[in-house]
Amino acid sequence: MSDSGAKMAVWMYRKGEGRLFSSPEEIPQNEGWVDSPALVSETESTTEEHSRESLLERAEELGIKVNKRWGTQRLADEIAKAEDDDSA
């Protein structure tokens, strides 16, 4: 015997977490939830590319000589140091 009004629980994923929602209606909109963990890494790398681009632009504005091997964390650290030096 099945209840035709019963809602099905749904697993959703976003960066660093997975969560079981009671129904699809319970999933918050515009918070990055996707229905497959495989899609999370694609979303993260796209975000990382945009983040890297903006960091490279900011580094250029500050006159930082960037090593192409630097990752986003190193770029952010160098920018923070340069901004601290500018404000001192």
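Here's the deal with helix α2 (residues 72–87)
- Helix length check: α2, at 16 residues, gives a terminal C-alpha distance of 22 Å against a target of 22 Å (1.5 Å per residue), a fit within 8%.
- Listing the buried residues of α2 in full gives Leu75, Glu78, Ile79 and Ala82. Take α2 and look down its axis: the buried residues cluster within an arc of 100 degrees, on one side only. In α2, the exposed positions angled more than 90 degrees off the buried face are occupied by Gln73, Asp84 and Ser87.

Let's talk about the packing of aromatic side chains
- A full pass over the atoms with the stated rule returns two aromatic pairs.
- Relative to Tyr13, the ring of Trp11 has its centre 6.5 Å away and its plane inclined at 20 degrees; by these criteria the two rings are stacked.
- Judged by centre distance (5.1 Å) and plane angle (85 degrees), the ring pair of Phe21 and Trp33 falls under edge-to-face. Here Trp33 lies in the loop between β2 (17–21) and α1 (37–62) and Phe21 lies in strand β2, a separation of twelve residues in the sequence. Comparing Phe21 with Trp33 shows no difference in burial state: the two are buried.

Digging into the environment of Pro28
- With respect to the helices and strands, Pro28 occurs in the loop between β2 and α1.
- If sequence neighbours within four positions are ignored, Pro28 has contacts with Phe21 and Trp33.

Section: unusual backbone geometry
- At Asn30, a residue that is not glycine, the phi angle is positive and equals roughly 60 degrees.
- Relative to the helices and strands, Asn30 is located in the loop between β2 and α1.
- Asn30 gets classed as exposed once you look at its relative accessible area, which sits at 81%.

Details of the pairing of strand β1 (residues 10–14)
- Relative to β2, β1 runs antiparallel, the two being bridged by five bridges. From the neighbouring strand, Trp11 faces β2, where its bridge partner is Leu20.
- From the end of β1 to the start of β2, which pair antiparallel, there are two residues, and Gly16 there has a positive phi angle of about 80 degrees.

The rules behind these values
- Residues numbered from 1 in each chain as written.
- Predicted model: local features only at pLDDT ≥ 70, side-chain atom pairs only at ≥ 80, totals over all residues.
- Heavy atoms only, no water.
- Helix = DSSP H or I, 4+ residues; strand = E, 2+ residues; numbered from the N terminus.
- Expected span 1.5 Å × (residues − 1).
- Buried < 20%, exposed > 50% of the residue type's maximum accessible area, 1.4 Å probe, protein only.
- Arc of directions from axis to C-beta.
- Phe/Tyr/Trp six-rings, centres within 6.5 Å; stacked < 30°, edge-to-face > 60°.
- Contact = heavy atoms within 4.5 Å.
- Pairing = 2+ DSSP bridges.

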